[in-house]
Amino acid sequence: MGCNGGLMDSAFKWVMDNGGLCTEADYPYTSGVTTENGDCMQSSCTKNTQVTPKSYTDVKESDDDMMSALAQQPVSVAIQADQPAFQFYSSGVMTGTCGDSLDHGVLAVGYGTYSDGNDYYKVKNSWGPSWGMDGYILLGRGSEFGKSGQCGILSGPPSYPSL
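What counts, and at which threshold
- The written sequence of each chain sets the order in which its residues are numbered from 1.
- Owing to the predicted nature of the model, reporting of local features is limited to residues with pLDDT of at least 70; listing and counting of side-chain atom pairs is limited to 80 or more, with chain, interface and lining totals taken over all residues.
- Side-chain measures here rest on the full set of heavy atoms in the structure, leaving out hydrogens and waters.
- The helix count covers DSSP runs of H or I at least four residues long, the strand count covers runs of E at least two residues long, and both are numbered beginning at the N terminus.
- Residue contacts are counted whenever heavy atoms from the two residues lie within 4.5 Å of one another.
- The protein chains shown are the only cover counted for residues, whose accessible areas, like all others here, come from Shrake-Rupley with a 1.4 Å probe.
- The rule for a disulfide is simple: a pair of cysteine sulfur atoms within 2.5 Å.
- Summary of the burial criterion: residues with accessible area below 20% of their type's maximum are buried, those above 50% are exposed, and those between are partly exposed, where the area comes from a 1.4 Å probe applied to protein chains only.

1. Considerations on the overall build of the protein chain
Move 1: A count of helical and extended segments in the protein chain gives 3 helices and 7 strands.
Move 2: Start at the N end of the protein chain and walk to the C end: the helices and strands fall as α-β-α-β-α-β-β-β-β-β.
Move 3: By sequence separation, contacts in the protein chain at least 24 residues apart represent 62% of the contacts at least 6 residues apart.
Move 4: Carbon and sulfur atoms make up 49% of the accessible area of the protein chain, which amounts to about 9,600 Å² in all.

Pasting the structure below:
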């Protein structure tokens with residue numbers, strides 16, 4: 001859905017159907033300096049066919065399946081990011097309430113156990129390196145966050161492409 005958001009599976013399918021993707025340099029995102037969305041620039045480019053997935057896989061809604069997928073590659077996930085606990089995150093494992101009404105696409109890149117004993121998923125956000133821990137957040141992982149996981153991370157469904 002372009003600049004209006006969308007789902008990761010739909011994006012993977014679009015790239016497959018259209019034979020590639022423009023680079024960020026050819027199709028830059030600009031938001032301006034206000035709270036208004038910027039213009040969604042439609043431009044032509046030479047499509048990079050090297051990034052065209054052959055298929056994509058949805059990850060089942062469980063910590064075990066997510067960790068198994070993350071042991072192989074990064075995984076696209078949708079989360080709820082409009083809550084203060086998420087927006088004002090700065091470090092450590094976030095265990096605060098953030099809901100599971102999905103509104104933001106991010107990239108899960110790993111998992112582990114923090115020095116305080118809390119299990120987490122390491123997630124790369126798109127808000128730049130000045131947010132969180134150099135642009136990353138550690139979302140709590142485990143059964144205490146319910147079937148959908150912290151901020152809904154397991155419910156999107158998470159997915160990844162196969163090139």
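2. A word on the state of the cysteines
Move 1: This model, assessed by the stated rule, comprises 1 disulfide.
Move 2: One disulfide in the model links Cys98 with Cys151; its S-S distance is 1.8 Å. Since a negative S-S torsion denotes a left-handed disulfide, the Cys98-Cys151 link at about -120 degrees is left-handed. Residue Cys98 is found in the loop between β3 (93–94) and β4 (104–113), and its partner Cys151 is found in the loop between β6 (136–140) and β7 (159–162); the two are separated by 53 residues along the sequence.
Move 3: We classify Cys98 as buried; its relative accessible area is 3%.

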